[in-house]
Amino acid sequence: HSEAVLLYNGRSLQQHSLNEEAATLLRHRGQQGWSDYPQAAIISLTAIYNDILPSYQVKPAEDLDSLSKEVKVQHSYESELLRNYRVFLDLLFENLNLAFQTKKHKVKLCKAGWNARRNLGLLSLRCMAELLAKNYNFNLRSNLVNTVIPYGTSRALGGKLADIVISTIKELFEKDKQGECSVEIVRIIAALVKKKGGRGQRGSSRDPGTCQVGGVGRG
């Protein structure tokens, strides 16, 4: 990558520093547990990754011995970045599952505790949607698409989850000039519509199957 040549400029040093900060926050998460992770840390990590993730796929090096020292250092940094990013997405996914895929009657929580869990799940979906919209050319895009897009049909929290997803779909259809991410989204939408057999809220403002932006998203 051409970025390797710029490894030691101010921008790259800032990226390394931010990646270390992200790793520190994630280690703190490991000590505190999934459910107790503060919302402020999630917001901070989302902002950090939006700032430092490259706009290309990080690929495994086939022959490190043949690479220059600078490229090896860059590859090591990118590999660590990807590992930390994967851990963060696992955290968000866990929060989302606990909030919206767990039956309320099976969880011993008071009303305030349940509301806090749902709010954390809502924040996690918002952050995942933002990461998808801003970093759709980076690794783990399919993971985000497969997790985020199905919530476009959710009625939870008065449709707040669906609103986030619909807004994200529209943004991506406008930005994704190559169309790769858009195609993935359309496939997920088609599968959702087929699964529901036409029983969903088709034609409503919260139905991802009705999104038509720039001629790409025809459900």
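Cut-offs and rules
Residues numbered from 1 in each chain as written. Predicted model: local features only at pLDDT ≥ 70, side-chain atom pairs only at ≥ 80, totals over all residues. Heavy atoms only, no water. Helix = DSSP H or I, 4+ residues; strand = E, 2+ residues; numbered from the N terminus. Buried < 20%, exposed > 50% of the residue type's maximum accessible area, 1.4 Å probe, protein only. Contact = heavy atoms within 4.5 Å. Areas by Shrake-Rupley, 256 points an atom, 1.4 Å probe, with all protein chains shown as cover. pLDDT = per-residue confidence, 0-100. Core = buried A, V, L, I, M, F, W, Y, C linked by side-chain atoms within 4.5 Å. Salt bridge = Lys/Arg side-chain N within 4 Å of Asp/Glu carboxyl O. Axes fitted to C-alpha atoms, helices over the stretch in contact; angles between N-to-C directions. Left-handed = near helix turned anticlockwise from the far one by under 90°. Nonpolar A, V, L, I, M, F, W, Y, C, P; charged D, E, K, R; others polar. Parallel < 35°, antiparallel > 145°, perpendicular 65-115°, else oblique. Phe/Tyr/Trp six-rings, centres within 6.5 Å; stacked < 30°, edge-to-face > 60°.

Chemist: What's the story with the overall build of the chain in this structure? I'm lost.
Modeler: The secondary structure content of the chain amounts to seven helices and zero strands. Ordering the α and β elements of the chain from the N terminus gives α-α-α-α-α-α-α. Of all 219 residues assigned to the chain, the portion counted as buried reaches 43%. Sequence-distant contacts, at least 24 apart, represent 70% of the contacts inside the chain between residues at least 6 apart. Within the structure as shown, the chain displays about 12000 Å² of accessible surface, and the carbon and sulfur contribution to it stands at 49%.

Chemist: Explain the confidence of the model for the chain here, please?
Modeler: The predicted coordinates ought not to be read in detail in places where the model reports low pLDDT. Residues at a pLDDT of 70 or more form 71% of the chain, whose mean pLDDT is 78. pLDDT under 50 marks residues 200–205. Its contacts with residues more than four places away, or in other chains, come to 11 contacts.

Chemist: Looking at this structure, how should I read the side chain of T46?
Modeler: Take T46: it is sitting in helix α2 (residues 39–52). The residues contacting T46, other than those within four sequence positions of it, are F88, C127, E130 and L131.

Chemist: Explanation requested: the nonpolar core in the structure shown.
Modeler: Note that soluble globular proteins tend to have their nonpolar side chains buried in a common cluster. Ranked by internal contacts, the top residues of the largest apolar core, which has 48 residues, are Y49, Y85, I149 and I185. Of all elements in the fold, only α2, α3 (69–100), α4 (111–134), α5 (141–148), α6 (160–175) and α7 (180–196) reach the threshold of two or more residues within this core.

Chemist: For this particular structure, what's the right way to read the pattern of salt bridges?
Modeler: Close approach of charged atoms allows side chains of opposite charge to pair. Inspection of every chain in the model, using the stated rule, returns three salt bridges. For E171, the salt bridge goes to K175, with nearest N and O atoms at 3.4 Å. Within this pair, E171 and its partner K175 are both found in helix α6, separated by four residues, close to a single helical turn. Taking relative accessible area as the criterion, K175 reaches 30% and is therefore assigned partly exposed.

Chemist: Got a minute to help me understand the packing of α2 against α3 in this structure?
Modeler: Axis angle and axis distance: for two packed helices, these are the angle between their axes and the distance between the axes, and together they describe the pair. Where α2 meets α3, the axes come as close as 11 Å, and the angle between the chain directions of the two elements is 145°. Considering only the axes of α2 and α3, their crossing is left-handed. For the pair α2 and α3, the contacting residues are I42, L45, T46, Y49 and I52 in the first and Y77, L81, N84, Y85, F88, L91, L92 and N95 in the second. Partitioning the contact of α2 with α3 into residue classes produces 10 nonpolar, three polar and no charged.

Chemist: In this structure, what is going on with the packing of α4 against α6? I would like to understand it.
Modeler: In the contact formed by α4 and α6, the axes pass within 9 Å of each other and the chain directions differ by 5°. Taken together, the axes of α4 and α6 are roughly parallel relative to one another. Along its contact with α4, which presents L122, L125, R126, A129, L132, A133 and K134, the element α6 presents K160, L161, I164, V165, T168, E171, L172 and K175. Its residues assigned to classes, the contact of α4 with α6 shows nine nonpolar, one polar and five charged.

Chemist: Before we go on, may I ask you to explain unusual backbone geometry in this structure?
Modeler: Across the chain, the bulk of peptide bonds are trans and the bulk of non-glycine residues have phi less than zero. A positive phi angle, close to 70°, is found at L140, a residue other than glycine. Residue placement: L140 occurs in the loop between α4 and α5. Positive phi is not limited to glycine here, since L157 has a value of about 55°. Take L157: it is sitting in the loop between α5 and α6.

Chemist: Honestly, the packing of aromatic side chains in this entry has me stumped. Any pointers?
Modeler: The description of two aromatic rings rests on the distance between their centres and on the angle between their planes. Inspection of every chain in the model, using the stated rule, returns four aromatic pairs. Consider the rings of Y49 and F88, whose centres lie 5.7 Å apart with planes at 25°: the pair is stacked. Residue Y49 is located in helix α2, and its partner F88 is located in helix α3; the two are separated by 39 residues in the primary sequence. Aromatic ring contacts, followed pair by pair, group Y49, Y85, F88 and F138 into a single cluster.

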